[in-house]
Amino acid sequence: MDPGEVARIFDQTGALLEGHFLLTSGLHSEKYLQCARVLQWAEKAQAFAQALAQNFLSNKPDLVISPAIGGIILGHEMGRALACRALFAERENGVLRLRRGFEIYPGEKALVVEDVITTGGSTMETIEVVKSYGGVVVGAASLVDRSGGQASLGVRYHSLWTLSIPTYRQENCPMCKSGSKPVKPGSRV
Ligand SMILES: [Zn+2]
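This one's a predicted model, so the numbers in the text were calculated from it and none came from an experiment.

> What's the story with the sheet that holds strand β8 (residues 157-162) in this structure? I'm lost.
Across a sheet, paired strands are connected by hydrogen bonds in the backbone, their directions being either parallel or antiparallel. A sheet is described by the order of its strands in space; here six strands give the open sequence β5-β4-β3-β6-β7-β8, paired in mixed fashion. With one partner strand each, in any of the chains shown, β5 (95-98) and β8 form the two edges of the open sheet. Averaged over all pairs of adjacent strands, the angle between their axes in this sheet comes to 25°, without regard to strand direction. Where strand β3 (residues 63-67) meets strand β6 (residues 109-117), three bridges bridge the pair, whose relative direction is parallel. Note on β6: the bridge partner recorded for I65 is V112. Sheet contacts for helix α3 (residues 42-53): β7 (136-145) and β8; angle to β8, the most-contacted strand, approximately 135°.

> Help me understand helix α4 (residues 72-81), please; the structure alone is not making it clear to me.
Counting buried positions over the ten residues of α4 gives eight, a clear majority of the element. The set of residues buried in α4 consists of I73, L74, G75, H76, E77, M78, G79 and A81. Close packing links the buried residues of α4 with α2 (35-39), α3, β3, β4 (85-92), β6 and β7. The positive-phi residue at the C-terminal boundary of α4 is A83, with phi of around 50°.

> What exactly am I supposed to notice about α3 here?
Count 3.6 residues to each turn of an α-helix, and residues three or four apart come out pointing the same way. In this model, α3 (twelve residues) spans 16 Å end to end at C-alpha, consistent with the 16 Å of a helix rising 1.5 Å per residue. Residues of α3 that are buried include every one of A45, F48, A49, L52 and A53, and no others. Along the long axis of α3, the arc covered by the buried residues comes to 130°, so they all point the same way. Turning to α3, the residues buried within the fold contact α2, α4, β7 and β8.

> Can you walk me through the nonpolar core in this structure?
The tendency in soluble globular proteins is for nonpolar side chains to be buried side by side. V64, I65, L74 and M78 are the most contacted members of the largest nonpolar core, which has 46 residues in total. With six residues, the top contributor of residues to this core is β6. With residues up to four places along the chain from it excluded, the contact list for V64 reads G75, M78, G79, L82, C84, A86, L111 and V113.

> When you look at the pairing of β7 in this model, what are you seeing that I'm missing?
Each regular strand displays side chains that alternate between the two surfaces of the sheet. Most of β7 sits inside the fold, with seven of its ten residues counted as buried. Sheet topology note: the β6/β7 ladder contains eight bridges and is parallel. For V116, the partnering residue across the bridge sits in β7 and is V144. Pairing geometry for β7 and β8, over five bridges, is parallel. The residue bridging V144 from the neighbouring strand is W161, located in β8.

Calculation rules
Residues numbered from 1 in each chain as written. Predicted model: local features only at pLDDT ≥ 70, side-chain atom pairs only at ≥ 80, totals over all residues. Pairing = 2+ DSSP bridges. Helix = DSSP H or I, 4+ residues; strand = E, 2+ residues; numbered from the N terminus. Axes fitted to C-alpha atoms, helices over the stretch in contact; angles between N-to-C directions. Contact = placed C-beta atoms within 7 Å. Buried ≥ 20, exposed ≤ 12 C-beta atoms within 10 Å, placed from the backbone. Expected span 1.5 Å × (residues − 1). Arc of directions from axis to C-beta. Core = buried A, V, L, I, M, F, W, Y, C linked by C-beta atoms within 7 Å.

Next comes the structure, spelled out in structure tokens:
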């Protein structure tokens, strides 16, 4: 699956939003990728996961792990594509951790999966969760890399679509300067 095809699917499903957004990373942006709008089409989610999984078949991961909520659907499809477990980590008092009886056993090989990488912060935190259980991170994957290839994760990383969308700290945000207030798009938009 080439990046142009991924872009077309995002376009068709209305998943690329324009406005003034406050991202999870704390940065502001005039564009937001609402991956849930794409991933609601289960067959598309499956096709994305199968394409991404090709890069990691030889690693034979024991599990895929995703930060909740954004990474769960793609992570689950990648678990299917790689015939391994699919776990997710959740924030509790701001800290990402395993809940719901999920376990990672020492020496298990883990692939970290997200929907979108912006700064790589959530992926890095998920990598730390794996390490805290003695697991071995064999790589990271996301549907979209919106850092323009700038995120540095310290592990092998693949995405299906790399694009560079400008992000701003609040004090440098041109939209804030013109008086507009950012919205947090996660759940409402
Ligand atoms: Zn702003």
